[in-house]
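A structural walkthrough
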Amino acid sequence: MTVALSGKEIASQIEEKFPGSVEESGRDSLVVKSDSLLPVAAFLRDTETLKFDYLSYVTAVDYFSYFEVVYQLTSLEHNHSIVIKTRCYGRENPVVPSVIGIWQGADFQEREIYDLMGIKFEGHPNMKRIFLWEGFAGHPLRKDYLS
Amino acid sequence: MTTTEMMTLKTEPFVLNFGPVHPSTHGVYRMRATLDGEVVLDIEPVFGYLHRGIEKLAEERTFSGFVPLTDRLDYISSMSNNLGYCLSVEKLAGIEVPERAEYIRVIMAELQRLVNHAIAVGTFLNDCGAYMTPVVYMLREREKILDLFDMVCGQRLTYNYMRIGGVSQDIPDEFLPALRRLVNQMFFFIEEMERLLKQNEILLARTKGVGILSRETAINCSISGPVARGSGVKWDLRRADPYSIYDRFDFDIPTAEVGDCYDRYRIRIEEMRQSLHIIEQAMKQIPSGPVRADVPHLIRPPVGEAYAHIEAPKGELGFYLVSDNSIAPYRCHVRPTSLINLTALREMVRGWKVADLIVIFGSIDICLGEVDR
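Residues numbered from 1 in each chain as written. Chains lettered and ligands numbered in written order. Predicted model: local features only at pLDDT ≥ 70, side-chain atom pairs only at ≥ 80, totals over all residues.

1. With respect to the overall build of chain A
Secondary structure assignment for chain A yields three helices and eight strands. Radius of gyration (C-alpha) of chain A: 15 Å, near the 15 Å computed for a compact globule of 147 residues. C-alpha extents for chain A along the principal axes are approximately 45 × 30 × 25 Å. Burial analysis of chain A (147 residues in total) assigns 44% to the buried set. Here the contacts in chain A between residues at least 6 apart in sequence split such that 42% fall between residues at least 24 apart. (Helix = DSSP H or I, 4+ residues; strand = E, 2+ residues; numbered from the N terminus. Rg over C-alpha atoms; globule rule 2.2 N^0.38 Å. Buried ≥ 20, exposed ≤ 12 C-beta atoms within 10 Å, placed from the backbone. Contact = placed C-beta atoms within 7 Å.)

In structure tokens form, the structure reads like this:
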């Protein structure tokens, strides 16, 4: 059984290493500030006791006042998982750092989020639309998109 | 021109457009392959020809109204999609499923795995150049399973059989005897297929050592399912994170070490055998009782989010649902196995010939309904 690790416990470990990087922590998830996402992600992957080497999926949710990018991480070795989130505010040009350098599996998924939700991933080598064509107006998965 | 002059002739890389309408793209996949003569230098996948905006459509439907749309994701294995989605809603709303329904679900999911792997292996051999004969044999066996699906839900492709809290209707009396006959036949059929193919020289020459995917790359690229297990990643959600009642069955997780096309093909054949073992055990244990929990037609799960995943035939299929306590999901994200499994394709095909590109692509086994959604 994959054990869902406590968000609070992981948050305290991250805070110890990168003070002030955790915005919020819950039962099985935690919210990381977007500017410290990359060091935190590398820490989660490389720490022996955590070893989150597998990125199950990346997705994003539009909550009107902010966008939330959700990362589900799994450790194949320890068989445990955690959900990491990061938020970006402002609807004009939301930007989040790309985790493609840490987990390559994010490649197409980050492009999909950009295409459908309009969040740019900084550092992604090929940040362009994936399903819709270039020149398509708007990002359909946003809550204020009118079809 | 002398031979030396010919040797120093410069060739320029050129771009070959492959697909979207091509028999080996298994749907409407397209890639722009940069070639040097016959050698693949790079590929650039182009998606979106089957994009229907299923995640957006989910937000406009009730929780139970989305079940038929999940059939259209990976339309080769619709039962698995139904199961993944229903599990996710049940987790979100805290719904218990009756025992008999759990067994029916497992039987359907494993039959679906047989269907999927039959098509995957058949079309893969087609891509290798064994034109039509193996795939027709595979389709013949698939038809027998589709007859069983037809028996329980009246459909042969888009089943819409599972419901939140169970399944739509109980299996008819003649189902279990028919399933018994099918399982016996299938064991024999797999043996026959193995005899024809396992040591087949042409198959070995085309697939052994071709398109190797290393274990590290497979994990880093979030690859799942038979492709990952072919590369030595012993990870099967039925065992690693047992959902439904999979902890009650005894079965092996076949893995291989090399990670070439042959290993991926072998894993699928072996998984078909294991699925038959699971079905046999489920047939023995299946209890009587209700097949559907008392769930209202309009479900209002509490505010929150849930992610449930299953080991679909192609790999990890999951649904991430966010609820705002209304009758429709606030957000519904499908974890697309096929799309993510394509991440490593670029690295797998570099340096191989065009003919190998087709074989490597075929060995991943994708369904465009799930790639584009």
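After presenting the structure, the write-up continues.
2. A look at the sheet that holds strand S7 (residues 315–323) of chain B
All names here are of chain B. One open sheet holds the three strands; their spatial order is S6-S7-S8, and the pairing between them is antiparallel. In this open sheet, the two edge strands, each paired with only one partner strand, are strand S6 (304–312) and strand S8 (331–335). Each adjacent strand pair in this sheet contributes to an overall mean axis angle of 10 degrees, direction not counted. Where S6 and S7 come together, nine bridges link them in antiparallel fashion. What sits directly across from Ala308, in S7, is Phe319. Along the sheet face, helix H4 (residues 78–93) touches S6 and S7 and points at about 150 degrees away from the line of S6. (Pairing = 2+ DSSP bridges. Axes fitted to C-alpha atoms, helices over the stretch in contact; angles between N-to-C directions.)

3. Structural notes on the pairing of strand S6 (residues 80–89) of chain A
All names here are of chain A. Pairing of strand S1 (residues 3–4) with S6 involves two bridges; the strand directions are parallel. Counterpart to Ala4 in the pairing with S6 is Ser81. One ladder, built from four bridges, connects strand S3 (residues 29–32) with S6; its direction is parallel. Within S6, the residue paired with Val32 across the bridge is Thr86. Strand direction decides the pairing type here: strand S5 (residues 66–75) and S6, joined by ten bridges, are antiparallel. Bridge assignment links Leu73 to a residue of S6, and that residue is Ile82. Taking the residues between adjacent antiparallel strands as the criterion, S5 and S6 are bridged by four residues, where Asn79 takes a positive phi near 55 degrees.

4. Observations regarding the packing of helix H6 (residues 133–153) of chain B against helix H7 (residues 175–197) of chain B
Residue and element names in this part refer to chain B. Across the interface, H6 lies against H7 with an axial gap of 11 Å and an inter-helix angle of 165 degrees. The orientation of H6 with respect to H7, classified from their angle, is roughly antiparallel. Here the hand of the crossing between H6 and H7 comes out left-handed. Where H6 abuts H7, its residues Glu141, Lys144, Ile145, Leu148, Met151 and Val152 lie against Phe175, Ala178, Leu179, Leu182, Met186 and Phe189. Class assignment for the residues of the contact of H6 with H7 results in ten nonpolar, no polar and two charged. (Parallel < 35°, antiparallel > 145°, perpendicular 65-115°, else oblique. Left-handed = near helix turned anticlockwise from the far one by under 90°. Nonpolar A, V, L, I, M, F, W, Y, C, P; charged D, E, K, R; others polar.)

5. A word on the packing of helix H5 (residues 99–128) of chain B against H6 of chain B
All names here are of chain B. Two elements in contact, H5 and H6, have axes whose closest approach is 8 Å; the angle formed by their N-to-C orientations is 165 degrees. With respect to H6, the axis of H5 lies roughly antiparallel. Helix-helix and strand crossings are classified by hand; for H5 and H6 the assignment is left-handed. Packed against H5, whose contacting residues are Leu111, Leu114, Val115, Ala118, Ile119, Val121, Gly122, Thr123, Leu125 and Asn126, the element H6 presents Pro134, Val135, Met138, Leu139, Glu141, Arg142, Ile145 and Leu148 at the interface.

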